[in-house]
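Geometric and topological summary
So the chains spell out like this:
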Amino acid sequence: VTTFKMPEEFGSVLDKQVIGPTTENLVKSDFPVQSFKPKVQIAFQALPGQCPRKIEVERRRRLYLTFDIAQLLASKGIDSDQLMPRHHNPDNMPTIEEKKDPVFPIYLPLKIFDNDGYDCRTPEEWISLGLEPGSHDRKPVPGKALLPTDDVLGHEDPKSQKLIYKWIDVGVLDYDKETELYLVHKTDKNGLVRDEEGRPVLNGGITPQG
């Protein structure tokens, strides 16, 4: 009689024995699962014949994933790049023949038109979606932000005529009540929110060193 010996790389042995497709989520993400779930006003206990809460949540999650804010704005004739005010030279203003839009430049910031009356969550509730049960770290929350494609020039002069603004996938790290602004971090090519050393950005980007 001999004793059973477990292979040293037992995990790799099991991986090789996988047959057919798997239901396991193999996509790596720095966002919590609950941060993708929409908010629904449905009772947790459904009556016979009514749609269960979990099914409605999944239906809306898939529906919302099909929406693209850039495409939605474009369908209404709105150019996202033109939403940000820029510096204008009064001596070099476009004429009516050069453009169909009014010759007056865009100078009002977007925050003037901001209306949170229809938001389904408060800023604090959005940020709290980064908290996972049993964890002391707060992960970023997925979002879209209208940001310049050139990070360096965007920080130096956000109103530069040379900048191009696009809707970019970001991780929402924190919210400032005084300025009413969110702190965001661009995702990398893999959709992850990482710092310069490749580590996940947690707790609003605050590290033990500050």
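Everything in this summary refers to the structure shown in the same document. Chains are numbered independently. Their residues run from 1 in the order of the written sequence. Reporting of local features is limited, given that this is a predicted model, to residues whose pLDDT is at least 70; pairs of side-chain atoms are given and counted only at 80 or more, and all residues count toward the totals for whole chains, interfaces and linings. No hydrogens and no water enter the side-chain calculation; it runs on all heavy atoms of the structure.

Quick notes on the overall build of the protein chain
The test is simple: Numbering goes from the N terminus for both helices and strands, where a helix is a DSSP run of H or I of at least four residues and a strand is a run of E of at least two. Here, residues are in contact when the closest pair of their heavy atoms is within 4.5 Å. Residue exposure ignores everything except the shown protein chains as possible cover, and the areas themselves are Shrake-Rupley values with a 1.4 Å probe.
For the protein chain, the count of helices and strands is five helices and three strands. A separation of at least 24 residues holds for 50% of the contacts in the protein chain among residues at least 6 apart in sequence. For the protein chain, the accessible area works out to roughly 17200 Å², and carbon and sulfur atoms hold 56% of it.

Some points on the side chain of D81
To be explicit about the condition: Under the scheme applied here, a residue whose accessible area is under 20% of the maximum for its type counts as buried, over 50% as exposed, and between as partly exposed, the area being computed with a 1.4 Å probe on protein chains only. As used in this structure description, the phrase polar contact means that two N or O atoms lie within 3.5 Å; if the pair is within protein, one of them must be able to donate a hydrogen and the other to accept it, and residues adjacent in sequence are counted only when both atoms belong to side chains.
Looking at where D81 falls in the secondary structure, it is placed in the loop between α3 (69–75) and α4 (123–128). Of the residues examined, D81 reaches a relative accessible area of 18% and is grouped as buried. A polar atom in the side chain of D81 sits 2.8 Å from the side chain of R86. Sequence-distant contacts of D81, that is, excluding residues within four places in its chain, are made with R86, L163, I164 and Y165.

Thoughts on the packing of aromatic side chains
How we decide: Any pair of Phe, Tyr and Trp rings, taking the six-membered ring for Trp, is counted once the centres come within 6.5 Å. Such a pair is stacked with planes under 30 degrees apart, edge-to-face with planes over 60 apart, and tilted for the rest. Each ring is checked for a lysine NZ or an arginine CZ that lies within 6 Å of its centre and within 35 degrees of its normal; such an atom marks a charge sitting over the ring.
Taken as a whole and assessed by the stated rule, the structure comprises three aromatic pairs. Ring geometry for F31 versus F36: centroids 6.1 Å apart, planes at 80°, classification edge-to-face. Aromatic side chains Y64 and F67 sit 6.1 Å apart centroid to centroid with 35° between the ring planes, which places their arrangement in the tilted category. Directly above the ring of F44 sits R53, whose terminal nitrogen or CZ lies 4.1 Å from the centroid. When the ring centre of W126 is taken as origin, the NZ or CZ atom of R121, which lies over that ring, is 4.9 Å away.

Brief notes about the sheet that holds strand β1 (residues 141–148)
The pairing of strands in a sheet comes from backbone hydrogen bonds and takes either a parallel or an antiparallel form. What counts is decided by this rule: The pairing criterion for strands is at least two bridges between them, as found by DSSP. Lines fitted to C-alpha atoms define the axes, with helix axes restricted to the stretch in contact, and inter-axis angles between N-to-C directions lie between 0 and 180 degrees.
On the basis of which strands lie adjacent, the open sheet formed by three strands has the order β1-β2-β3 and antiparallel pairing. Looking at the sheet topology across the chains shown, the edges are occupied by β1 and β3 (181–186). Taken over all neighbouring pairs, the strand axes of this sheet differ in orientation by 55° on average, direction set aside.

Brief notes about a nonpolar patch on the surface
Operational definition: For patch detection, residues must exceed 30% relative accessible area and be free of salt bridges, and they are connected within 9 Å for like charges or within 5 Å for nonpolar side chains (Val, Leu, Ile, Met, Phe, Trp, Tyr). Salt-bridge detection follows one rule: a side-chain nitrogen of Lys or Arg within 4 Å of a carboxyl oxygen of Asp or Glu.
Side chains of F4, M6, F10 and L14 sit close together on the surface and give an oily, nonpolar patch of about 460 Å² of accessible area. Structurally, F10 can be placed in helix α1 (residues 10–16).

Quick notes on the environment of G191
Its place among the elements puts G191 in the segment after β3. Each C-alpha atom, one on G191 and one on V27, is 9.9 Å from the other, the two residues being 164 residues apart in sequence.

Some details on unusual backbone geometry
Even without glycine at this site, E180 takes up a positive phi of about 60°. Counting through the fold element by element, E180 comes out in the loop between β2 (165–176) and β3. In the Ramachandran plot, N203 falls in the positive-phi region, its phi being about 55° despite a non-glycine side chain. Within the secondary structure, N203 sits in the segment after β3. On the accessibility criterion, N203 (26% relative accessible area) is partly exposed.

By themselves, these observations are geometric and do not establish any function.
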